[in-house]
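Chain by chain, the residues:
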Amino acid sequence: MRIAQVAPLVESVPPRAYGGTERVVHYLTETLVDLGHKVTLFASGDSRTQGELVPVIDRALRLHPGKPDPVIWHTLMVDRVREMSDSFDVIHFHIDTLHLPIAKRCRTASLTTLHGRLDLPDLQPLFRHFHRHPLVSISDAQRAPLPNANWLATVHHDLPTDMYDFHPEAQDYFAFVGRISPEKRCDRAIEIAIATGTPLRVAAKVDPADRQYWDDTIEPMLDHPLVTFVGEIDDKAKNEFMGNARALLMPIDWPEPFGLVIIEALACGTPVIAYGHGSVPELLQDGVTGFVVSDQREAIAVAGRLDTISRRKCRETFERRFAAPVMAASYLALYRRLVAERASA
């Protein structure tokens, strides 16, 4: 098939460090190419792919020295996709909603995977208006606020099986990986570590929007001798960072659409302690691959029971449920369905 993948421009594909959506687009694109499909990737110019890259801007927006306007550059990308749309059998969008007016009028079959939270009130009228556009959720929990949208399927994220090594033994520390933001609740992770007397290593980025939370809440907590902040890390460093941890702490305070870091930890054999919001109960099996908790008291209590979790079982669960090319096969089935429906129409 001739497939277009339209990625966000915020990070490169794959991202140099943090960047969940761009990372998933990379895994999907490369697996589709490996399966023999002709894939065109619309992304920033510092992206890498075995397919054909259409560079919309010279480098990803978040760290671009020119501070480009994201709306302008995503608008330019959508129009470039429209110009080339007859070259594809299907167009797969990963850029939220900016493209919907174009997709509505495009002759080429298209679909959108929504990667973010969907409990925002403005999304209700938006998806009522674009009620025919095919959508894919990344967890069943994610789609709950929009039950009447045109959902094709839920497709969980996957990872290449050789990306992370299995670590059968753990060192004596907890890991926190992701963003320093109010909804990710690094402060809770620090509290859990201190309460259990366990070192915590924090590998995370701080976006400008979250600077106040960093300044007021997190930075003062870093003075504790059990807490070490290491900043953003790449995939190579993440392998050892998460793989050697006793557990990944994910004490979130928002409806997490997926939580890629969960399956990254499981790929290493590392159990996860997470609050049961959003997709967490779909991804974690309580008592088997980690613990799903509802408050700090529970989180602190189960941290003392990590020896009951089999690290081998965590890795086996990853291989069975979240290993590529399961994701690519699911999307290929959707692509073929949409192309057949468009042809018959």
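The rules behind these values
- Residues numbered from 1 in each chain as written.
- Predicted model: local features only at pLDDT ≥ 70, side-chain atom pairs only at ≥ 80, totals over all residues.
- Heavy atoms only, no water.
- Helix = DSSP H or I, 4+ residues; strand = E, 2+ residues; numbered from the N terminus.
- Rg over C-alpha atoms; globule rule 2.2 N^0.38 Å.
- Buried < 20%, exposed > 50% of the residue type's maximum accessible area, 1.4 Å probe, protein only.
- Contact = heavy atoms within 4.5 Å.
- Areas by Shrake-Rupley, 256 points an atom, 1.4 Å probe, with all protein chains shown as cover.
- Patch = residues over 30% accessible without salt bridge, like charges linked within 9 Å, V, L, I, M, F, W, Y side chains within 5 Å.
- Salt bridge = Lys/Arg side-chain N within 4 Å of Asp/Glu carboxyl O.
- Lys, Arg positive; Asp, Glu negative; His and termini not counted.
- Charge placed at Lys NZ, Arg CZ, Asp CG, Glu CD.
- Core = buried A, V, L, I, M, F, W, Y, C linked by side-chain atoms within 4.5 Å.
- Polar contact = N/O pair within 3.5 Å; in protein donor to acceptor, adjacent residues only side chain to side chain.
- Pairing = 2+ DSSP bridges.
- Axes fitted to C-alpha atoms, helices over the stretch in contact; angles between N-to-C directions.
- Parallel < 35°, antiparallel > 145°, perpendicular 65-115°, else oblique.
- Arc of directions from axis to C-beta.

### A closer look at the overall build of the protein
Within the protein, the secondary structure is distributed over 13 helices and 13 strands. For 345 residues, the compact-globule formula gives about 20 Å, and the C-alpha radius of gyration of the protein, at 20 Å, lands near that figure. Dimensions of the protein, computed from C-alpha atoms along their principal axes, come out at roughly 60 × 40 × 40 Å. With 345 residues in all, the protein has 54% of them scored as buried. Intrachain contacts of the protein at a sequence separation of at least 6 include 65% that bridge at least 24 residues. As displayed, the protein offers around 14700 Å² of accessible surface, 51% of which is attributable to carbon and sulfur atoms.

### Points about a negative patch on the surface
Among the surface-exposed residues, Asp215, Asp216, Glu219 and Asp223 lie close enough to one another that they form a single negatively charged patch. Accessibility expressed as a relative area gives 37% for Asp215, which makes it partly exposed.

### Considering the environment of Pro199
When you line up the elements, Pro199 lands in the loop between α6 (186-196) and β9 (200-205). When the C-alpha positions of Pro199 and Ala109 are compared, they lie 51 Å apart, and in sequence the two are 90 residues distant. Those residues in contact with Pro199 that sit more than four places away from it in its chain are Asp172, Tyr173, Phe174 and Leu226.

### Describing the nonpolar core
One finds Ile180, Leu200, Val272, Ile273, Tyr331 and Tyr335 to be the most contacted residues of the largest nonpolar core, which totals 82 residues. The biggest single contributor to this core is helix α9 (residues 260-268), with eight residues. Val6, Val54, Met77 and Ile95 belong to the second largest nonpolar core, which has 18 residues in total.

### Some words on the side chain of His64
Mapped onto the fold, His64 is located in the loop between β3 (52-55) and α2 (70-84). Looking at His64, the relative accessible area reads 11%, which means it is buried. A polar side-chain atom of His64 sits 2.9 Å from the main-chain amide nitrogen of Gly66. When neighbours within four sequence positions are excluded, His64 is seen to be in contact with Ile57, Asp58 and Arg59.

### A few points about unusual backbone geometry
A negative phi angle is the norm for most residues apart from glycine, just as the trans form is the norm for most peptide bonds. Each neighbour pair has its own omega, and for Val13 with Pro14 the value is -5 degrees, a cis peptide bond. For Lys67, which is not glycine, the phi torsion reads 50 degrees and is therefore positive. Mapped onto the elements, Lys67 comes out in the loop between β3 and α2. In this structure, Asp96 is a non-glycine residue whose phi angle is positive, near 65 degrees. Mapped onto the elements, Asp96 comes out in the loop between β4 (90-93) and α3 (100-105). Accessibility expressed as a relative area gives 46% for Asp96, which makes it partly exposed.

### Things to note about the pairing of strand β2 (residues 38-43)
Regular strands place their side chains on alternate faces of the sheet. In terms of burial, β2 is largely enclosed, as five of its six residues are buried. As defined by bridge partners, strand β1 (residues 2-6) adjoins β2 across five bridges and the pair is classed as parallel. Bridged to Ile3 within β2 is Val39. As judged from the four bridges shared by β2 and β3, these two strands associate in the parallel manner. Bridging across to β3, Thr40 finds its partner in Glu52.

### Brief notes about the sheet that holds strand β6 (residues 135-137)
Strand order in the open sheet formed by seven strands is β3-β2-β1-β4-β5-β6-β7, with parallel pairing between adjacent strands. With one partner strand each, in any of the chains shown, β3 and β7 (151-154) form the two edges of the open sheet. The average undirected angle you get between the axes of adjacent strands in this sheet is 20 degrees. With respect to the sheet, α2 is in contact with β1, β2, β3 and β4, its orientation differing from that of β2 by roughly 155 degrees.

### Regarding the packing of helix α1 (residues 20-34) against helix α13 (residues 326-344)
The geometry of α1 relative to α13 is characterised by a closest axis approach of 9 Å and an angle of 75 degrees between their N-to-C directions. Classified by the angle between their axes, α1 and α13 sit roughly perpendicular to one another. For the pair formed by α1 and α13, the contact residues are Val24, Tyr27, Leu28, Thr31 and Leu32 on the first element and Met327, Ala328, Tyr331, Leu332 and Tyr335 on the second.

### Points about helix α12 (residues 311-321)
Where α12 is concerned, the buried positions are Arg311, Cys314, Arg315, Thr317 and Phe318. An end-on view of α12 places all buried positions within 160 degrees of arc, on one side of the element. The inward-facing, buried residues of α12 contact α8 (235-243) and α9. Residue Ser310 occupies the N-cap position of α12, its side-chain oxygen lying 3.3 Å from the main-chain nitrogen of Arg312.

### Here we look at the environment of Arg16
The topology assignment puts Arg16 in the loop between β1 and α1. Along the primary structure Arg16 and Asp187 are separated by 171 residues, whereas in three dimensions their C-alpha atoms are 25 Å apart. Setting aside residues no more than four positions away along its own chain, Arg16 makes contact with Asp46 and Asp234.

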